[in-house]
Amino acid sequence: MLHLACALTLLLGLLCLAGGPGGPAVAQEGVKRGFAASTQRARASAVTEVKTLPVVRPEFPVPNEPNMLFYLQRSTNPNTVIYAARFREDGTLDPNEPVAAYWRRYNTTGERLPLKMIEDNFAFGVRTERTDDPTVFRLYVVSYPERKATLRLVAPGRAELTVPAGGRQMRPIYAYIDVDESGLMPSVRTVSVMGHDAATGRPLVERIQIE
């Protein structure tokens, strides 16, 4: 999961500086400064079982998207990146694009917007790899291709995403990225990943310290 933190750090560099979908000048600035922010690395990580999953920012909207697998939020504003499974008419995963990533721009009207090309190629975009099993795909975020999750069709029109976490398999629900904006360039303080143990269903929180 430490590798996931590194990936999220690069994502954050773009997310917190571009502020979500914006004009081309804002996106370009976010990319340039975002790569500088990506020199941060995970210092420590701990997985904890909890009674209920925490809601870090109750004032932020909680997405309720069709086929949603996972979403990302951060402390700077409520704009949210959604990752959702895509199915064919027969309920099987679309082999050409089994996962879609897009924005919900909650700091305005909540509209759905696609990722910009630069975001898709360098930050939030996902890529999938087929396996010998047509119901199972490997999934990674473009900013860290070495870190792979597993996407599995569990019933027609229903899929499950799992990632390793502290020796377990977690079904992630959302990640919250705490940003320090006090300096000249925003930096990541912590990344929290909330989900459930895939074997037991118990709520899990992974907290990753960044330096």
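See the structure printed just above.
Residues numbered from 1 in each chain as written. Predicted model: local features only at pLDDT ≥ 70, side-chain atom pairs only at ≥ 80, totals over all residues. Heavy atoms only, no water.

(A) View of the side chain of Q73. For Q73, the position within the fold is in strand 2 (residues 68-74). Overall, the relative accessible area of 4% leaves Q73 in the buried class. (Helix = DSSP H or I, 4+ residues; strand = E, 2+ residues; numbered from the N terminus. Buried < 20%, exposed > 50% of the residue type's maximum accessible area, 1.4 Å probe, protein only.)

(B) Spotlight on the packing of aromatic side chains. This structure, assessed with the given rule, holds two aromatic pairs. Here the aromatic rings of F70 and Y83 are separated by 6.3 Å at their centres, their planes lie at 35°, and the arrangement is tilted. Separated by 13 residues along the polypeptide, F70 in strand 2 and Y83 in strand 3 (residues 77-85) bring together distant segments of the chain. Exposure class is identical for F70 and Y83. Each is buried. Their ring planes at 10° and their centres at 5.2 Å tell us that Y71 and Y174 sit as a pair that is stacked. Linking Y71 in strand 2 with Y174 in strand 10 (residues 168-180), this pair joins segments that are 103 residues apart in sequence. In terms of burial, Y71 and Y174 fall into one category: buried. (Phe/Tyr/Trp six-rings, centres within 6.5 Å; stacked < 30°, edge-to-face > 60°.)

(C) Highlighting the pairing of strand 10. The pairing of strand 2 with strand 10 spans four bridges and is parallel. Counterpart to L72 in the pairing with strand 10 is A175. Across three bridges, the pairing between strand 9 (residues 158-165) and strand 10 is antiparallel. Of the residues in strand 10, the one forming a bridge with P164 is Q169. If you look at the hairpin formed by strand 9 and strand 10, you'll find two residues sitting between the two strands, and G166 has a positive phi there, around 60°. Pairing geometry for strand 10 and strand 11 (residues 187-197), over 10 bridges, is antiparallel. Bridge pairing links P172 to G195 in strand 11. In textbook terms, the turn of a hairpin is the stretch between consecutive antiparallel strands, and for strand 10 and strand 11 this stretch comprises six residues. (Pairing = 2+ DSSP bridges.)

(D) Just the side chain of N77, in detail. In this structure, N77 sits in strand 3. Residue N77 is classed as buried on the basis of its relative accessible area of 16%. In terms of polar contacts, N77 uses its side chain to reach the backbone amide nitrogen of N79, at 2.9 Å. (Polar contact = N/O pair within 3.5 Å; in protein donor to acceptor, adjacent residues only side chain to side chain.)

(E) Inspection of the environment of D94 at higher detail. Tracing the backbone through its elements, the reader meets D94 in the loop between strand 3 and strand 4 (99-105). Taking the C-alpha atoms as reference points, D94 and T135, 41 residues apart in sequence, are found 9.8 Å from one another. If near-sequence neighbours (up to four positions away) are discounted, D94 is found in contact with R86, F87 and R88. In this structure the side chain of D94 is engaged in a polar contact, spanning 2.8 Å, whose partner is the side chain of R86. (Contact = heavy atoms within 4.5 Å.)

(F) Structural view of the pattern of salt bridges. In the structure shown here, the tally under the stated rule is 12 salt bridges. Between R168 and D197 there is a salt bridge, and its shortest N-O distance comes to 3.2 Å. A residue pair is termed long-range when its members are at least 10 positions apart, and R168 in strand 10 and D197 in strand 11 qualify at 29 residues. Of the residues examined, D197 reaches a relative accessible area of 6% and is grouped as buried. Residues D178 and R189 are paired through a salt bridge, measuring 3.0 Å at the closest nitrogen-oxygen approach. Residue D178 is found in strand 10, and its partner R189 is found in strand 11; the two are separated by 11 residues along the sequence. (Salt bridge = Lys/Arg side-chain N within 4 Å of Asp/Glu carboxyl O.)

Note that every value here comes from positions in space, so none of it alone points to a role or purpose.
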